[in-house]
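# Examining the three-dimensional arrangement
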Amino acid sequence: MILTFDGATYSKLPAQIAPRTIETEEEYDRLLAVAERLTFAKNLTPEERALYKLLVTLIEVYERENYPIDKSEPHEILQHIVTTPTLNR
């Protein structure tokens, strides 16, 4: 069975969530919660998968701008792993 994308159904999903460019931490948290709910939902419809992809894109842009990850050399990463204490050691 092939599921087809229904534009009318899809248009209702974003209308309920009102996704937009993330400008605040509150908006980030809200859209992240919706994306997490969709991540663990079973049997997403094509429309829900499209909404999920949109939310992930918005979240990735916000994180890239607000939580940049410094470039590290491989030996620096290994050194950090080796020197960081853990509870299980």
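Heads up: the structure comes first, above all this text.
Residues numbered from 1 in each chain as written. Predicted model: local features only at pLDDT ≥ 70, side-chain atom pairs only at ≥ 80, totals over all residues. Heavy atoms only, no water.

### Details of the packing of aromatic side chains
- Going through the model one piece at a time under the given rule, you end up with four aromatic pairs.
- Between Tyr 62 and Tyr 67, the aromatic rings sit 6.2 Å apart at their centres with planes inclined by 70°, giving edge-to-face as the arrangement.
- The class of Tyr 67 is partly exposed, set by a relative accessible area of 40%.
- Clustering of aromatic rings is evident, with ring pairs tying together Tyr 28, Tyr 62 and Tyr 67. (Phe/Tyr/Trp six-rings, centres within 6.5 Å; stacked < 30°, edge-to-face > 60°. Buried < 20%, exposed > 50% of the residue type's maximum accessible area, 1.4 Å probe, protein only.)

### Digging into the nonpolar core
- By size, the foremost hydrophobic cluster in this structure holds 15 residues, and its most contacted members are Ile 22, Leu 31, Leu 38, Leu 51 and Leu 55.
- Looking at this core, the elements with two or more residues in it are helix H1 (7-17), helix H2 (25-39) and helix H3 (46-66).
- Setting aside its immediate chain neighbours within four residues, Ile 22 contacts Glu 27, Tyr 28, Leu 31, Leu 58, Ile 59 and Tyr 62. (Core = buried A, V, L, I, M, F, W, Y, C linked by side-chain atoms within 4.5 Å. Helix = DSSP H or I, 4+ residues; strand = E, 2+ residues; numbered from the N terminus. Contact = heavy atoms within 4.5 Å.)

### Concerning the packing of H2 against H3
- Running from N to C, H2 and H3 cross one another at 140°; their axes reach a closest spacing of 9 Å. Taken together, H2 and H3 sit at an angle that is classed as oblique. With respect to the hand of their crossing, H2 and H3 are arranged in left-handed fashion. Here Glu 25, Tyr 28, Leu 31, Leu 32, Val 34, Ala 35, Leu 38 and Thr 39 of H2 come into contact with H3, specifically with Glu 48, Leu 51, Tyr 52, Leu 55, Leu 58, Ile 59, Tyr 62 and Glu 63. (Axes fitted to C-alpha atoms, helices over the stretch in contact; angles between N-to-C directions. Parallel < 35°, antiparallel > 145°, perpendicular 65-115°, else oblique. Left-handed = near helix turned anticlockwise from the far one by under 90°.)

### Let's talk about H1
- Considered for burial, the residues of H1 that qualify are Tyr 10, Leu 13, Pro 14 and Ile 17. Around the axis of H1, the buried residues are gathered within 85° of arc, so they sit on the same side. Along H1, the residues that are exposed and aim more than 90 degrees away from the buried face are Lys 12, Ala 15 and Gln 16.
- On its buried face, H1 sits against H2 and H3.
- Measuring from the backbone nitrogen of Ala 8 back to the side-chain oxygen at the start of H1 gives 3.0 Å, which picks out Asp 6 as the cap. (Arc of directions from axis to C-beta. Polar contact = N/O pair within 3.5 Å; in protein donor to acceptor, adjacent residues only side chain to side chain.)

### Quick notes on the side chain of Glu 47
- The residue Glu 47 is located in helix H3 in this model.
- Within polar-contact distance, the side chain of Glu 47 engages the backbone nitrogen of Asp 6 at 2.6 Å.
- Residues within four places of Glu 47 in sequence aside, it is in contact with Thr 4, Phe 5, Asp 6, Thr 9, Tyr 10 and Leu 13.

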